[in-house]
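What follows is each chain in one-letter form.
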Amino acid sequence: MATIASVDHKSTGFSAGSLLAPFRAVGRFMIALAEASPQMRALNRLSQLSDAELSAKGLTRDGEVRRILGGAAAL
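The present account deals with the structure reproduced in this document.

### Quick notes on the overall build of the protein chain
Then, number 1: Within the protein chain, the secondary structure is distributed over four helices and zero strands.
Then, number 2: Along its sequence from the N terminus, the protein chain presents helices and strands in the succession α-α-α-α.
Then, number 3: Taken over 75 residues, the protein chain has a buried fraction of 7%.
Then, number 4: Of the roughly 6600 Å² of accessible surface on the protein chain, 62% is carried by carbon and sulfur atoms.

### A word on the side chain of Glu64
Then, number 1: Among the secondary structure elements, Glu64 is positioned in helix H4 (residues 61-69).
Then, number 2: Side-chain polar atoms of Glu64 contact the side chain of Arg67, separated by 2.9 Å.
Then, number 3: Excluding residues that lie within four positions of it along the chain, Glu64 makes contacts with Leu46, Leu54 and Leu59.

### Overview of a nonpolar patch on the surface
Then, number 1: Taken together, the side chains of Val26, Phe29, Met30 and Leu33 make up a nonpolar region of the molecular surface, amounting to roughly 440 Å² of accessible area.
Then, number 2: Locating Phe29 in the fold gives a position in helix H1 (residues 16-35).

### Quick look at H1
Then, number 1: Its 20 residues place the ends of H1 28 Å apart at the C-alpha level, agreeing with the 28 Å of an ideal helix rising 1.5 Å per residue.
Then, number 2: A bend of about 35° at Pro22 is the largest found in H1.

### Brief notes about the packing of helix H2 (residues 38-48) against H4
Then, number 1: The contact between H2 and H4 brings their axes to 10 Å, and the two run at 170°. When the interaxial angle is binned, H2 and H4 end up roughly antiparallel. Relative to H4, H2 is oriented so that their crossing is right-handed. Each of Gln39, Ala42, Leu43, Leu46 and Ser47 in H2 lies in contact with H4, whose residues at this interface are Arg61, Glu64, Val65, Ile68 and Leu69.

### Quick word on the pattern of salt bridges
Then, number 1: Tallying each qualifying case throughout the model produces two salt bridges.
Then, number 2: Between Arg61 and Asp51 there is a salt bridge, with its nearest N and O atoms 2.8 Å apart. Here Arg61 is found in helix H4, whereas its partner Asp51 is found in helix H3 (residues 51-56), with 10 residues between them in sequence.
Then, number 3: By relative accessible area, Arg61 is classed as partly exposed at 28%.
Then, number 4: Relative accessible area serves as the criterion here: at 52%, Asp51 is assigned to the exposed category.

The rules we used
- Here the residue numbers are simple positions, counted from 1 along each chain's written sequence.
- Where local features are concerned, this predicted model is filtered to residues with pLDDT of at least 70; where side-chain atom pairs are given and counted, the filter is 80 or more; whole-chain, interface and lining totals use all residues.
- To get the side-chain values, take all heavy atoms of the structure and skip hydrogens and water.
- Numbered from the N terminus, helices here are DSSP runs of H or I no shorter than four residues, and strands are runs of E no shorter than two.
- Think of it in three bands: residues with accessible area under 20% of the maximum for their type are buried, residues over 50% are exposed, and the middle band is partly exposed, with areas taken using a 1.4 Å probe on protein chains only.
- Note on areas: Shrake-Rupley with a 1.4 Å probe; residue coverage comes only from the protein chains shown.
- Pairs of N or O atoms within 3.5 Å make up the polar contacts considered here, provided that, within protein, one atom can donate a hydrogen while the other can accept it, and that residues adjacent in sequence are counted only when both atoms are side-chain atoms.
- By the convention used here, residues are in contact when the closest approach between their heavy atoms is within 4.5 Å.
- Note on patches: the residues involved have over 30% relative accessible area and no salt bridge, like charges join within 9 Å, and the nonpolar side chains Val, Leu, Ile, Met, Phe, Trp and Tyr join within 5 Å.
- The term salt bridge refers to a side-chain nitrogen of Lys or Arg lying within 4 Å of a carboxyl oxygen of Asp or Glu.
- By this rule, a helix spans an expected 1.5 Å times one less than how many residues it contains.
- Bend, at a single residue, is the angle you get between axes fitted to the 7 residues ending at that residue and the 7 residues starting at it.
- Lines are fitted to the C-alpha atoms to define the axes, a helix being fitted only along its stretch in contact, and any angle between axes, read from their N-to-C directions, falls within 0 to 180 degrees.
- Roughly parallel here means an angle under 35 degrees, roughly antiparallel means over 145, roughly perpendicular means 65 to 115, and every remaining angle is called oblique.
- Crossings are assigned a handedness: left-handed for a near helix turned anticlockwise from the far helix by less than a right angle, right-handed for a clockwise turn.

Right, dumping it as structure tokens:
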């Protein structure tokens with residue numbers, strides 16, 4: 001036989017979650033913005049290809065990352 005005990009805490013004021021909510025929202029927005037970029041979509045397509053598929057096309061993963069990111073790949 002199992003017994004489960006739970007405690008329900010009622011919040012009567014501000015909590016850490018409510019104070020952090022705007023920062024979490026800004027963070028989620030920035031991530032969504034970055035994921036919507038054409039570079040990120042191209043990198044996602046690249047990550048779905050196997051090394052064998054890339055070599056069949058005469059490409060390398062490093063070369064494609066440099067092509068997609070351009071100068072930012074050096075950072």
